[in-house]
Amino acid sequence: MSANEAVFYFIAVITVISALGVVASNRVAYAAISLVFTLVAVAALYILLATEFLALVQLLLYAGGVAVLLLFALMLTRARELVPVLDNAQKPFAAVAGLGLLGVLLTMVYQTTWPRNASEPTLVSLNAIGDALFRSWALPFEVVSLVLLVALVGAIVLARSEEEEEE
Amino acid sequence: MIPLNSFLVLSAILFSLGVYGVLVRRHAVLILMSIELMLNAASINMVAFAVYTSPQRFVGIIFAIFIITVAAAEVGLALAIILRLFRNRTTANVDEVHELKW
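So, how was this worked out
- Residues numbered from 1 in each chain as written.
- Chains lettered and ligands numbered in written order.
- Predicted model: local features only at pLDDT ≥ 70, side-chain atom pairs only at ≥ 80, totals over all residues.
- Heavy atoms only, no water.
- Helix = DSSP H or I, 4+ residues; strand = E, 2+ residues; numbered from the N terminus.
- Buried < 20%, exposed > 50% of the residue type's maximum accessible area, 1.4 Å probe, protein only.
- Areas by Shrake-Rupley, 256 points an atom, 1.4 Å probe, with all protein chains shown as cover.
- Lys, Arg positive; Asp, Glu negative; His and termini not counted.
- Charge placed at Lys NZ, Arg CZ, Asp CG, Glu CD.
- Contact = heavy atoms within 4.5 Å.
- Buried area = accessible area lost by both parts, 1.4 Å probe.
- Salt bridge = Lys/Arg side-chain N within 4 Å of Asp/Glu carboxyl O.
- Polar contact = N/O pair within 3.5 Å; in protein donor to acceptor, adjacent residues only side chain to side chain.
- Nonpolar A, V, L, I, M, F, W, Y, C, P; charged D, E, K, R; others polar.
- Axes fitted to C-alpha atoms, helices over the stretch in contact; angles between N-to-C directions.
- Parallel < 35°, antiparallel > 145°, perpendicular 65-115°, else oblique.
- Left-handed = near helix turned anticlockwise from the far one by under 90°.
- Expected span 1.5 Å × (residues − 1).

K.L.:
Can you help me understand the overall build of chain B in this one?
P.N.:
In terms of regular secondary structure, chain B is built from three helices and zero strands. For chain B, the N- to C-terminal ordering of α and β elements is α-α-α. If one aligns the C-alpha atoms of chain B with their principal axes, the spans along those axes are about 50 × 25 × 20 Å. Counting all 102 residues of chain B, 64% fall into the buried class. Per element, the accessible surface of chain B, about 3800 Å² overall, is 69% carbon and sulfur. Positive and negative side-chain charges in chain B, numbering 7 and 5 respectively, have mean positions lying 3 Å apart.

K.L.:
What is the right way to read the overall build of chain A from this model?
P.N.:
Along chain A, the regular secondary structure elements total seven helices and zero strands. Within chain A, counting contacts between residues at least 6 apart in sequence, those at least 24 apart form 52% of the total. When the accessible surface of chain A is totalled, it reaches about 10300 Å², and 72% of it is carbon and sulfur.

K.L.:
Teacher, can you tell me more about the interface of chain B and chain A here?
P.N.:
Opposite the 72 residues of chain B that make contact, chain A presents 86 residues. Together, the buried faces of chain B and chain A total about 7200 Å²; carbon and sulfur atoms form 76% of this surface. For the pair chain B and chain A, the interface holds one salt bridge. A:Asp87 is paired through a salt bridge with B:Arg25; the nearest N and O atoms lie 2.8 Å apart. At the boundary of chain B with chain A, the tally comes to 17 residue pairs in polar contact (both at pLDDT 80 or more). When residues in the side of chain B that touches chain A are grouped by element, the largest group, 24 residues, is from helix H3 (residues 59-89) of chain B. Taken together, the residues of the side of chain B that touches chain A sort by class into 51 nonpolar, 14 polar and seven charged.

K.L.:
How do you make sense of the side chain of B:Glu36 when you look at a structure like this?
P.N.:
Residue position: B:Glu36 is located in helix H2 (residues 28-53). The charged side chain of B:Glu36 is buried without a salt bridge, its nearest counter-charge being B:Arg25 at 14 Å. If sequence neighbours within four positions are ignored, B:Glu36 has contacts with A:Tyr62, A:Val66, A:Leu70, B:Ala71, B:Glu74 and B:Val75.

K.L.:
What should I look at first to understand the pattern of salt bridges in this one?
P.N.:
The final tally for this structure, using the stated rule, is six salt bridges over all chains. One salt bridge connects A:Arg135 with A:Asp131, and the closest N-O pair in it is separated by 2.8 Å. Residue classification places A:Asp131 among the partly exposed residues on the basis of a relative accessible area of 40%. Measuring nitrogen to oxygen at the nearest pair gives 3.1 Å for the salt bridge that ties B:Arg26 to B:Glu96. In this pair, B:Arg26 is assigned in the loop between helix H1 (4-24) and H2 and B:Glu96 in the segment after H3, connecting sequence segments 70 residues apart. Overall, B:Arg26 belongs to the buried group, its relative accessible area being 12%. Given the relative accessible area of 27%, B:Glu96 is considered partly exposed. Members of the salt-bridge network, linked through shared partners, are A:Asp87, A:Lys91 and B:Arg25.

K.L.:
Would you mind going over the packing of H1(B) against H2(B) with me for this structure?
P.N.:
Residues and elements named next belong to chain B. Axis separation between H1 and H2 bottoms out at 8 Å; the angle between their running directions is 165 degrees. Classified by the angle between their axes, H1 and H2 sit roughly antiparallel to one another. Relative to H2, H1 is oriented so that their crossing is left-handed. On the side of H1, the interface is formed by Leu-4, Phe-7, Leu-8, Ser-11, Leu-14, Phe-15, Gly-18, Val-19, Gly-21 and Val-22, while H2 contributes Ile-31, Ser-34, Ile-35, Leu-37, Met-38, Ala-41, Ile-44, Asn-45, Ala-48, Phe-49 and Tyr-52. Counted by class, the contact of H1 with H2 contains 16 nonpolar, five polar and no charged residues.

K.L.:
Sorry, what's going on with H1(B) here?
P.N.:
In an α-helix there are 3.6 residues to a turn, and that puts residues three or four apart on one side. Over its 21 residues, H1(B) extends 31 Å from the first C-alpha to the last, a length consistent with the 30 Å expected when each residue adds 1.5 Å. Counted residue by residue, H1(B) has 16 buried out of 21 residues, so it is predominantly covered.

Spelled out as structure tokens, the structure:
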């Protein structure tokens with residue numbers, strides 16, 4: 001086993017354990033912290049895949065922005081009971097659905113012969129990504145920025161308090 | 001070199017955990033977190049395919065960037081909706097909001 005693979009399995013184990021923490025822990029704060037760990041581990045996976053830019057975006061936007069937003073949401077919507085029940089009654093069915101989906105996906109992964117190139121993944125340069133983003137993908141880029149703008153303006157309008165609306 | 005299958009298996013596990021979380025959680029923010037897990041699994045897949053099958057093209061990487069952007073927009077909007085829900089109903093548990101259920 002090469003060093004690369006050892007690092008991959010280490011990160012993969014961290015990812016899966018922390019993802020389990022997100023869906024199975026019995027405290028909302030623990031779930032949120034597990035999510036941060038998962039997101040950082042996924043950023044590490046991006047580095048292993050030689051896409052450093054994505055790793056940076058992941059750390060800045062996900063581990064920085066999204067995780068903080070989710071923590072705020074958790075803080076502002078605290079439950080009344082001291083130890084809230086986080087899971088509903090359909091736990092066994094959910095487990096069957098999750099395991100079934102996992103089975104289907106794993107069978108699909110192992111029964112398909114994926115095309116592959118022999119070379120090691122080479123570092124994708126920032127220049128090349130910027131070039132692709134602003135030349136061949138300029139229109140989707142603009143559409144996505146519009147979506148982001150509309151979503152955030154909508155979020156502000158929705159989250160305003162009643163008193164402000166009456167003014 | 002890490003085989004492509006390892007990445008695919010990892011993202012399959014992440015996605016299934018996300019599905020389980022969406023089905024089992026009551027709190028809307030926790031459901032949102034499980035959706036984030038699923039989005040991450042999808043973008044790992046995109047990047048792995050882009051790197052392993054066509055390193056000279058950037059479609060997978062661009063897709064992952066778009067996924068992250070849309071996820072950020074989604075979280076912002078969902079947070080606003082959940083706050084509104086909490087203000088009106090003093091709960092963020094989705095199974096206690098059942099007016100439209102028959």
